[in-house]
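# Analysis of the macromolecular model
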Amino acid sequence: MQDAKRQYEIIAQHGLPVWVMESVRGGRLASLGERYDAMLKQAKPDWSIPSWAFRWLMGLPNVTMILSGMTTMEQIRDNVATFQKGEALTQEQQMLLTNVAAGYQSRLAVPCTACRYCCDGCPEHIDIPRWINLYNELHLTHDKGAWERAMEEAINPTACIGCGQCTSHCPQSIDVPGYLSKLSAWPVS
Ligand code: SF4
Ligand code: SF4
């Protein structure tokens, strides 16, 4: 959701309960990278990284439902343990998470949440979030080998015809054809 903070405030002003979907953004927030994971682990070694997101949400008084996709038994156990304790973040932990989130976001070139709202309308059946994710990785790693291996796939960014269907469906208004064009040739800028 765009501007989720404002949306939350509007719902709260009307006294309505808030249900949160994609609380770890389809798994993208399950790991924030070595540096930021280490900062959270140092503060709370026994907490999983996703549990920080749940605990932050627990501190919002109007949130009455937190949804989380789970694909393994380990994730189910971790989530059950987190919600059994129902332990929201302290003020210090909230400040730490805010700092970690700011650092993490500054490293991401494109704020794609992998929601896939763009994918249905693509006439070329391009797996758009997969390629945006690669763009973000290359932005950090400049790994030419990773780009070459990815470009061997049958449907790659060169298939994009620039119709703009994806961008019109994207909640983040991401210029998908622009990034696919950048991915079509090395070096990816
Ligand atoms: S602009 Fe490219 S990626 Fe977007 S819907 Fe059209 S063909 Fe697909
Ligand atoms: S490009 Fe936009 S619509 Fe597509 S997956 Fe990313 S955030 Fe969602």
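The shown structure was predicted, so the numbers you read here are calculated from the model rather than taken from an experiment.

### Some points on the domain arrangement of the chain
As a measure of interface size, the accessible area lost when the parts come together is often cited. Its domain assignment divides the chain into domain 1 (4-107) and domain 2 (109-189). A straight line from the C-alpha centre of domain 1 to that of domain 2 covers 27 Å. Of the residues lining the interface, four residues belong to domain 1; the matching set on domain 2 comes to 10 residues. For the pair domain 1 and domain 2, the two sides together bury roughly 580 Å², of which 41% comes from carbon and sulfur. Summed over the three residues of domain 1 that lose the most area to domain 2, namely Arg25, Arg28 and Arg107, the buried surface amounts to 83% of that side. In this assembly, domain 1 and domain 2 are joined by zero salt bridges. Across the contact surface, domain 1 and domain 2 share zero residue pairs in polar contact (both at pLDDT 80 or more).

### Points about the environment of Gln13
Structurally, Gln13 can be placed in helix 1 (residues 4-13). Placed 171 residues apart in sequence, Gln13 and Ser184 show a C-alpha to C-alpha distance of 46 Å.

### Here's the deal with the nonpolar core
In this structure, Ile128, Trp131, Ile132, Ile174 and Leu183 are the most contacted members of the largest nonpolar core, which totals 23 residues. Tallying contributions element by element places helix 6 (residues 128-141) first for this core, with six residues. Ranked by size, the runner-up nonpolar core spans 10 residues in total, among them Trp52, Leu89, Leu97 and Tyr104.

### So, the site of ligand 2
Surrounding ligand 2, one finds Cys112, Thr113, Ala114, Cys115, Arg116, Tyr117, Cys118, Pro129, Cys170, Pro171, Gln172 and Val176. Within the shell around ligand 2, the residues separate by chemical class into nine nonpolar, two polar and one charged.

Scoring rules and cut-offs
- Residues numbered from 1 in each chain as written.
- Chains lettered and ligands numbered in written order.
- Predicted model: local features only at pLDDT ≥ 70, side-chain atom pairs only at ≥ 80, totals over all residues.
- Heavy atoms only, no water.
- Domains from an automatic or database assignment.
- Contact = heavy atoms within 4.5 Å.
- Buried area = accessible area lost by both parts, 1.4 Å probe.
- Salt bridge = Lys/Arg side-chain N within 4 Å of Asp/Glu carboxyl O.
- Polar contact = N/O pair within 3.5 Å; in protein donor to acceptor, adjacent residues only side chain to side chain.
- Helix = DSSP H or I, 4+ residues; strand = E, 2+ residues; numbered from the N terminus.
- Core = buried A, V, L, I, M, F, W, Y, C linked by side-chain atoms within 4.5 Å.
- Buried < 20%, exposed > 50% of the residue type's maximum accessible area, 1.4 Å probe, protein only.
- Near = heavy atom within 4 Å.
- Nonpolar A, V, L, I, M, F, W, Y, C, P; charged D, E, K, R; others polar.

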